[in-house]
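Breakdown of the fold
Below are the chains, spelled out letter by letter.
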Amino acid sequence: MSEPVTIKVDGKEFEVRPGELLIKAAEDHGTYIPRFCWHNRMKPVGMCRMCLVEVDTGRGPMMVTACTNEVVDGMTVDTQNEAVQKAQEAVLEFLLANHPLDCPVCDKGGECPLQDQAMAYGPGESRFVEIKRTFEKPIPISELVLLDRERCILCARCTRFSEEISGDPLIEFQDRGNKTEVNTFPDHPFSSYFSGNTVQICPVGALTAKPYRFRARPWDLHMVESSSFFDTAHPRLSIHVSQNEILRLVGIDSEPVNHSWLSDKDRFGFEHVRSENRLDTPLVRRGGELEPVSWSEALDMVGNRLGLIVEESGGDSIAVIGGASGTNEDAYALSRFARTVLQTNNVDATMGEGPSAHFLAASIDRGLIADVDDADTVLVWGPDLKETHPTLYLRVRRAAQELGVNLVVIHPRVTGLDDRATATLRYRPGGGHELLSDLSDGSHEQVTSLISGKVVAIVGQASLADDPGLAESVAAFVREKAGTPRIIPLANRANIYGALDMGLAPDLLPGRVAYGPEAAPEPWGEIPAKRGLDTPGMLDALSEEKIRAVLLVGADPVGNSHEPELASDALDLAEYVVSIDTFLNDSNHYADVILPAAGFSEKDGTITNLEGRVQKVNKIIPAPGQGRPDWSILDDLSTVMGKSMGLGSPETIAKEVAAVAPAYQGISWDLLEWDARDGAVVPLDGEQPLTHIPVRAKGTKAPSAELLLHQGRVMYDDGVRLRNCHYLSRLAPGPVAHIHPDEAKRLGAREGVAVRVVTSKGEGEFAARIDEGTPEGVVFVPLHQPGAARLGTDPVVRVTVVT
Amino acid sequence: MDIRLLLDKPTEEEKVAVDALLGPPESAWRGGDYEPLDGRVAYGGHAAREQRHLLLPALHAVQDAVGSISKGALGYVSERLMIPPAEAYGVATFYALFRTDRSGGRVVHLCDDFVCSGRGAGEIASALDEAGVRWEPSPCLGQCDRAPAALVHQPGDGYVSVAPADGSALGADPASDQPPPVIHQARTELRLLRRVGVVEPTSLEDYTGSGGYDVLRSAIEMGPDEVIGHLESSRLRGRGGAAFPIGAKWRGLRQAAGGGKFVIANGDESEPGTFKDRVLMEGDPFALVEAMTVYAYATGAEKGFVYLRGEYPLAERRILAAIAQAKRAGLLGDNVAGAGFSFDLELRRGAGAYICGEETALFASIEGHRGEPRQKPPFPTERGVFGMPTGVNNIETLLAALAVLELGGEAFSAIGTQESTGPKLFCVSGDVERPGVYEVPLGTELDELLKLSGAIEPMAVLMGGAAGSFVDEDQFGMPLSFEGARAAGTTLGSGAVVVFSSATDFSPVLRRIARFFRDESCGQCVPCRIGTVRQEEALARLDARSPLGTEADERRRLDDLATAMTDSSICGLGQTAASAIQSAIRLGLPGAPS
């Protein structure tokens with residue numbers, strides 16, 4: 001690191017890093033220089049001229065923009081002399097000459113940089129009384145964002161965001177001079193997954209979000225920090241509430257995680273919280289119908305029945321599925337409840353998806369999100385990050401685009417990162433293992449030679465056709481190539497990493513400990529010795545009637561399954577099904593009792609993200625009706641069943657976790673609320689009992705067929721929370737099949753026509769999408785789409801045009 | 001990135017026009033090198049993205065063919081070049097010559113700037129209206145020596161300049177090139193202009209027969225350092241307006257680290273009242289090509305551009321022909337003149353944007369972006385076009401550099417004054433009997449130039465065009481040198497010398513200047529974007545005798561606007577947008593706000 005330089009701002013001397021922008025250096029040392037166009041996370045453009053200051057570097061004073069000038073040693077800066085004030089007044093007078101004074105009805109009013117700076121630095125009066133520019137307003141530039149062009153001051157923050165940060169520049173400056181406006185290509189929507197960020201960074205009210213427009217005055221909102229429950233990176237955000245209703249989420253600039261950015265799913269996905277479909281009272285099935293009952297009645301029924309089954313058939317006859325949608329405290333309570341009260345190791349939060357629990361929870365050389373910033377190469381062999389892991393996507397894009405990091409993307413079709421990749425490799429769905437062994441045999445040397453130096457490998461299941469174990473094999477391969485790479489194993493579901501860290505897998509115990517009876521945490525007492533089953537194992541055991549009762553916690557095996565009949569048949573055979581959830585789901589059709597749970601923003605606790613970062617999440621509104629946090633439901637059940645866990649409160653649970661879970665030692669709410677607001681990565685001391693070394697598995701052979709089916713997750717699907725969001729629910733693509741133009745020609749399919757897709761496990765009609773990003777010989781079908789047929793995991797497929 | 005526009009398709013004609021420029025589309029995934037086997041490798045679309053700079057040529061190709069740029073055509077161009085459609089649309093709408101409104105067909109761009117409007121542009125407009133010919137007002141077309149001027153665009157045939165224009169002639173297709181410009185001075189006095197109108201501009205043979213390419217040969221003998229040494233000792237300064245020492249500029253580029261350097265000839269001559277570069281490019285195009293080759297040789301650049309104003313169709317044809325002939329003769333390309341260096345020169349057409357004469361805006365334009373200037377530093381010799389070290393010289397400067405090498409640096413520096421060496425071209429127009437380009441040694445008095453051109457009762461002269469300033473009788477004795485202009489409180493600027501007779505009402509002149517800046521502001525920075533509009537509005541109110549408050553209030557407002565624009569704009573356009581108007585006010589010219 002080079003020597004700090006000394007600069008003097010308004011008479012105050014301080015040391016700053018050389019090369020830093022003056023506007024930033026001054027702000028960090030207590031001098032705020034007003035600005036509109038400059039944004040800490042984007043490149044400076046010096047357009048608004050608001051940050052003009054007088055700088056002397058020894059050649060006499062000069063007016064320069066503080067956002068485009070780097071500090072140099074001995075620089076003297078005057079941010080408020082007469083010339084500077086005059087320039088600031090002129091800029092503000094000019095801006096207000098066109099900007100409408102509709103502040104009383106503008107969403108931005110009260111938190112508007114233009115308002116604030118006009119008050120602090122403006123001339124106090126305007127001498128321009130000409131007619132202001134007017135435009136047709138507002139223009140819906142997307143399903144989520146409205147544009148009021150007359151308010152726009154052309155700071156280019158939104159256009160730069162879409163180009164520099166999110167990589168989908170669908171809005172641009174158009175025309176020139178005083179006619180310049182920001183807009184989309186005519187009739188072409190701003191269909192970015194990240195559009196909401198432009199609303200957040202707009203320094204005036206030109207861009208507003210439909211879900212928030214006209215709904216609140218900022219001074220009426222109260223707020224609390226939290227993290228998103230969608231993206232498993234857990235981007236940090238602030239929940240803004242009025243009258244017990246969430247009105248918006250605002251991204252927080254967390255350096256290690258999300259740099260203030262949120263995907264639209266993370267930003268607008270809160271709409272489900274107050275959905276009228278939320279469960280708000282315990283329900284019991286009587287004569288086939290669900291009837292509301294009191295909590296005490298429901299808990300007694302459930303406790304007694306489960307207690308009876310355990311007594312009669314032992315804990316092995318009980319299955320516990322789910323637990324990844326709550327907090328760590330909820331997950332810990334479930335883990336302890338299953339092992340000590342239900343006496344079973346049949347627990348699985350992964351729902352049988354993705355890489356193994358050991359690999360996800362305890363992979364050696366676990367990477368951090370920020371590791372991609374200074375990597376030599378980032379390898380992404382997994383899902384399309386733009387669709388499934390938006391925070392990581394933005395970080396990797398920035399690394400490749402702005403920081404000169406090599407990027408290798410391996411995926412069956414085009415991904416959101418390909419345009420910034422140093423190299424991309426495509427493979428046929430199901431052919432991942434074969435490609436991997438080709439790579440280790442030396443093929444595509446040009447690509448694999450990039451895997452050296454500091455490598456971050458982001459691995460996960462790219463295609464449903466891929467063996468879920470492929471990700472681990474890839475990690476092992478990268479370790480062979482690059483020594484000690486950083487590995488980020490990917491999984492879906494809100495708090496899956498936290499759930500696994502709390503032991504919600506048959507082969508794990510809290511704190512990244514391999515399961516073993518002797519390893520039981522001290523307060524738990526004795527735990528069952530027998531190895532438990534994972535989700536597919538439990539469903540099999542149900543079919544064989546070896547399991548009598550099922551406890552579903554935020555879990556929907558039917559809705560999630562690629563072969564739903566198997567799951568529903570299994571649940572149908574269960575003698576007793578209890579579900580703890582926020583919404584009714586497909587599996588609840590088989591539930592005997594349904595208990596309403598508290599969700600996002602309705603409970604305090606911690607969650608753990610894909611890099612092992614523990615963050616505090618906070619309650620700001622009550623759960624609807626009688627909804628309660630999972631831990632509290634489970635605690636009461638344990639009392640009914642005569643084995644009271646005595647958990648008390650989430651904070652006492654957190655203390656218990658810190659005491660008994662080795663990787664979580666030192667993690668306290670105090671720490672997370674004060675000294676580690678960005679969260680803390682566990683284990684704090686870098687040591688945990690279990691370090692899983694990835695293993696190369698012998699994979700399956702690539703299927704051979706003329707046409708292969710690639711199924712992968714996309715951002716918007718039919719998930720129960722999204723389904724209950726007013727705006728986001730419209731954004732799912734629905735049942736579509738992407739086909740290469742040449743393939744489409746062969747099939748005789750045109751854009752939008754119905755095609756029948758048939759596999760060995762299912763069939764259905766899909767709308768054809770002609771897509772050059774999907775290679776010939778491949779059909780891409782986004783997973784979990786509303787109204788879409790389930791096609792199973794077998795990639796061999798036939799496609800015909802429906803006539 | 002959702003890059004495709006499924007709804008809007010190009011017509012066959014539009015497709016053919018684009019494909020003629022870019023080659024036929026590859027059917028495969030556009031991401032780059034592509035192995036059609038399993039385990040397909042592609043290298044990130046970098047190759048396609050690197051074609052971004054072909055956006056303006058592609059848009060020109062479409063418009064030249066069909067007269068406007070439809071959404072479908074824009075979508076097709078975006079797809080071929082992997083440019084997001086919104087960005088391509090933003091670029092297309094930035095440039096005044098590009099039409100995105102589907103209105104194809106013949107268009108007459110009629111100059112209504114201050115020289116042409118004093119020379120009958122108004123009457124032509126009425127005649128065109130009567131004849132039902134579609135026309136649009138245009139800023140100065142750089143034909144002030146034969147005002148009034150028009151530029152006619154006939155889809156399929158391209159652009160043709162018509163000057164002097166008259167209402168009747170514009171209906172027909174002007175088939176032949178314009179006649180060479182009249183040079184009013186004795187040939188023996190001329191160095192920069194000596195071939196113009198004498199040597200056939202389309203013949204390399206004639207060019208070499210008149211001493212052409214002698215300089216390149218001697219430069220190669222001397223070696224780069226000695227070439228630059230001559231430029232340094234000549235004390236030649238840039239002729240585009242900024243008067244930067246050329247030796248230092250060339251030296252800076254030569255010393256810039258790394259390869260991939262560029263040299264650019266700035267032929268975006270758009271300053272109202274300026275036409276000298278057009279005369280040079282039309283009349284002596286090989287000299288430009290030779291000068292660029294010397295520039296590249298001396299600085300180590302391997303690639304060069306001539307960025308030409310979109311409104312100069314004849315210059316375009318001449319330069320393209322000259323480049324082609326030079327290539328055939330081995331004077332461009334690999335191993336230039338057998339001297340072991342390579343240099344490629346390419347012409348890029350602007351599309352109606354004054355701002356693109358500013359060098360960083362010019363880079364943006366060549367790269368296929370909106371012509372928006374950026375902050376300096378970094379300076380072009382560090383980071384220029386495509387982020388590489390770049391040298392930009394004005395056309396006249398390049399020809400003056402040839403003159404330096406012909407004469408030797410010392411001898412060149414003996415011409416002119418101590419601070420301002422060499423001959424300089426001045427574009428004299430307005431109320432004069434013999435409008436045209438004049439070549440005089442720097443330091444010549446303005447009076448003498450007025451006499452040479454036959455100024456008619458001159459009351460004021462606009463020096464340096466719209467971005468310059470007015471001088472009146474008191475300063476007619478000023479020496480035309482950089483220091484002389486500075487002492488007189490004005491600038492030589494682009495070399496425009498527009499004469500206004502004592503019969504002039506300056507009010508419409510000033511309003512036209514204000515409108516010019518309003519139209520040409522790129523809109524990027526606040527002071528210029530809004531200041532230029534407010535300036536024009538204030539002048540209009542004063543003209544209509546309906547000031548806001550008193551006339552003195554308006555005056556004060558104009559002064560404050562001027563200060564704000566001058567002090568806080570990003571680039572020279574905003575910084576000079578009030579200069580001419582303020583000078584007219586100071587001089588109390590008739591019709592200027594008082």
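Residues numbered from 1 in each chain as written. Chains lettered and ligands numbered in written order. Predicted model: local features only at pLDDT ≥ 70, side-chain atom pairs only at ≥ 80, totals over all residues. Heavy atoms only, no water.

Topic: the overall build of chain B
Helix and strand content of chain B: 24 helices and 14 strands. Its C-alpha radius of gyration of 24 Å places chain B within 12% of the 25 Å reference for a compact globule of 594 residues. If you line up chain B on its principal axes, its C-alpha atoms span 80 × 60 × 45 Å. Element-wise, carbon and sulfur atoms account for 51% of the exposed surface of chain B, whose accessible area totals about 20,200 Å². (Helix = DSSP H or I, 4+ residues; strand = E, 2+ residues; numbered from the N terminus. Rg over C-alpha atoms; globule rule 2.2 N^0.38 Å. Areas by Shrake-Rupley, 256 points an atom, 1.4 Å probe, with all protein chains shown as cover.)

Regarding the sheet that holds strand β6 (residues 262–267) of chain B
Residues and elements named next belong to chain B. Read across the sheet, four strands follow the order β8-β7-β6-β9 without closing on themselves; strand pairing throughout is parallel. Of all the strands in the sheet, the pair left with one neighbour each is β8 (344–349) and β9 (390–394). Recorded for the sheet is a direction-independent mean angle of 20° between the axes of neighbouring strands. Note that β6 and β9 share five bridges and pair parallel. Residue pairing in the sheet places Ala265 in a bridge with Asn393 of β9. Against the sheet, helix α11 (residues 246–255) makes contact with β6 and β9, and its axis sits at roughly 155° relative to β9, the strand it touches most. (Pairing = 2+ DSSP bridges. Axes fitted to C-alpha atoms, helices over the stretch in contact; angles between N-to-C directions. Contact = heavy atoms within 4.5 Å.)

Looking at the environment of Lys108 of chain A
Residues and elements named next belong to chain A. Along the polypeptide, Lys108 turns up in the loop between α2 (82–98) and α3 (113–121). Taking the C-alpha atoms as reference, Lys108 lies 8.8 Å from Ala206; in sequence the two are 98 residues apart. Those residues in contact with Lys108 that lie beyond four places of it in its chain are Pro113, Gln115, Val199, Gln200, Cys202, Pro203, Val204 and Gly205.

Quick notes on the sheet that holds strand β12 (residues 458–463) of chain B
Residue and element names in this part refer to chain B. Ordered by their spatial adjacency, five strands build an open sheet running β11-β10-β14-β12-β13, and the pairing between neighbours is mixed. The sheet terminates laterally at β11 (436–441) and β13 (469–472), the two strands that pair on one side only. Neighbour to neighbour, the strand axes of the sheet diverge by 30° on average, direction disregarded. Two strands pair when backbone bridges link them, and strand β10 (residues 423–430) and strand β14 (residues 496–501) are joined in this way by four bridges, in the parallel orientation. Note on β14: the bridge partner recorded for Val428 is Val497. Docked against the sheet, helix α12 (residues 276–283) engages β10 and β11, running at close to 110° with respect to β10. Running over the sheet, helix α20 (residues 506–520) touches β12, β13 and β14 and is turned about 155° from β13.

Things to note about the interface of chain A and chain B
Taken together, the contact pairs 67 residues of chain A with 63 residues of chain B. Summed over both partners, the interface of chain A with chain B comes to about 5,500 Å²; 54% of that surface belongs to carbon and sulfur atoms. Counting the surface chain A buries against chain B, the share from its top three residues, Phe94, Arg176 and Phe185 of chain A, is 16%. Counting every contact that joins chain A to chain B gives two salt bridges. Note that Lys71 of chain B and Asp187 of chain A form a salt bridge whose closest N and O atoms lie 2.9 Å from each other. Those elements that provide at least two residues to the side of chain A that touches chain B are β4 (61–65), α2, β8 (171–174), β20 (423–426) and α13 (445–448) of chain A. (Buried area = accessible area lost by both parts, 1.4 Å probe. Salt bridge = Lys/Arg side-chain N within 4 Å of Asp/Glu carboxyl O.)

Digging into the pattern of salt bridges
Opposite charge on two side chains makes pairing possible when the charged atoms of those side chains draw close. Residue and element names in this part refer to chain A. Inspection of every chain in the model, using the stated rule, returns 95 salt bridges over all chains. Between Asp253 and Arg41 there is a salt bridge, and its shortest N-O distance comes to 2.8 Å. Residue Asp253 is found in the loop between β13 (245–251) and α6 (264–268), and its partner Arg41 is found in the loop between α1 (22–28) and β3 (52–56); the two are separated by 212 residues along the sequence. A salt bridge links Glu245 to Arg215; the nearest nitrogen and oxygen atoms lie 3.0 Å apart. Placement of Glu245 in strand β13 and of Arg215 in the loop between β10 (207–209) and β11 (222–227) is noted, with a sequence separation of 30 residues between them. Salt bridges sharing partners connect three or more residues here, namely Arg41, Asp253, Glu255, Asp373, Arg395 and Arg398.

Observations regarding the packing of aromatic side chains
One pass over the structure, following the stated rule, counts 23 aromatic pairs over all chains. For the pair Trp381 of chain A and Tyr427 of chain A, a centre-to-centre distance of 5.6 Å together with 55° between the ring planes defines the contact as tilted. Placement of Trp381 of chain A in strand β18 (residues 377–381) and of Tyr427 of chain A in the loop between β20 and α12 (432–440) is noted, with a sequence separation of 46 residues between them. The buried category is assigned to Tyr427 of chain A, whose relative accessible area is 4%. Ring geometry for Tyr354 of chain B against Phe517 of chain B: centres 6.2 Å apart, planes inclined by 75°, an arrangement best described as edge-to-face. With Tyr354 of chain B in the loop between β8 and α15 (359–366) and Phe517 of chain B in helix α20, this residue pair connects regions lying 163 residues apart in the sequence. Its relative accessible area of 13% is what places Tyr354 of chain B among the buried residues. Grouping aromatic residues by their ring pairs yields a cluster made of Phe114, Phe470, Phe500 and Phe506 of chain B. The side chain of Arg176 of chain A reaches across the aromatic face of Phe94 of chain B, ending 5.7 Å from its centre. Against the face of Trp295 of chain A rests Arg628 of chain A, its NZ or CZ located 4.7 Å from the ring centre. (Phe/Tyr/Trp six-rings, centres within 6.5 Å; stacked < 30°, edge-to-face > 60°. Buried < 20%, exposed > 50% of the residue type's maximum accessible area, 1.4 Å probe, protein only. Lys NZ or Arg CZ within 6 Å of the ring centre and 35° of its normal.)

Regarding the packing of helix α3 (residues 55–66) of chain B against helix α5 (residues 85–94) of chain B
Residues and elements named next belong to chain B. Where α3 meets α5, the axes come as close as 11 Å, and the angle between the chain directions of the two elements is 70°. Between α3 and α5, the crossing angle belongs to the class labelled roughly perpendicular. Crossing of α3 against α5: the hand is right-handed. Residues Leu55, Leu56 and Leu59 of α3 lie in contact with α5, whose contacting residues are Ala88, Val91 and Ala92. Grouping the constituent residues of the contact of α3 with α5 by class yields six nonpolar, no polar and no charged. (Parallel < 35°, antiparallel > 145°, perpendicular 65-115°, else oblique. Left-handed = near helix turned anticlockwise from the far one by under 90°. Nonpolar A, V, L, I, M, F, W, Y, C, P; charged D, E, K, R; others polar.)

A word on the domain arrangement of chain A
Interface size, as often reported, equals the accessible area lost upon joining of the parts. Examined at the domain level, chain A breaks down into domain 1 (5–80), domain 2 (283–353 + 495–664), domain 3 (358–489) and domain 4 (708–801). Centre-to-centre, using C-alpha coordinates, domain 1 of chain A lies 55 Å away from domain 2 of chain A. (Domains from an automatic or database assignment.)

Brief notes about the domain arrangement of chain B
All names here are of chain B. Under the domain assignment, chain B is made up of domain 1 (12–92), domain 2 (107–166), domain 3 (187–413), domain 4 (423–501) and domain 5 (506–587). Computed over C-alpha atoms only, the centres of domain 1 and domain 3 are separated by 30 Å. Each side of the interface is counted separately: domain 1 has eleven residues, and domain 3 has eleven residues. Between domain 1 and domain 3, a total of about 900 Å² is buried, with carbon and sulfur atoms accounting for 51% of that surface. At the surface where domain 1 touches domain 3, the tally comes to one salt bridge.

A short note on the state of the cysteines
With the rule as written, the count across this model stands at zero disulfides over all chains. Looking at the unpaired Cys155 of chain A, the closest cysteine sulfur is the one in Cys202 of chain A, lying at 6.2 Å. Residue Cys155 of chain A is classed as buried on the basis of its relative accessible area, which comes to 7%. Residue Cys528 of chain B stays outside any disulfide, its sulfur separated by 5.2 Å from that of Cys525 of chain B, the closest cysteine. (Disulfide = S-S within 2.5 Å.)

Quick word on the nonpolar core
Ile458 of chain A together with Trp250 and Phe470 of chain B are the most contacted members of the largest nonpolar core, which totals 303 residues. The dominant element in this core, judged by the number of residues it contributes, is helix α13 (residues 285–299) of chain B, at eleven residues. Membership of the second largest hydrophobic core comes to 26 residues, among which are Leu450, Ile451, Ala462 and Ala471 of chain A. (Core = buried A, V, L, I, M, F, W, Y, C linked by side-chain atoms within 4.5 Å.)

Quick word on the environment of Pro795 of chain A
All names here are of chain A. On the secondary structure map, Pro795 appears in the loop between β35 (778–782) and β36 (798–801). With ten residues separating them along the chain, Pro795 and Gln785 place their C-alpha atoms 18 Å apart. Look past the residues within four positions of Pro795 in its chain and what remains in contact with it is Pro429, Ala465, Pro703, Leu707, Leu708 and Leu709.

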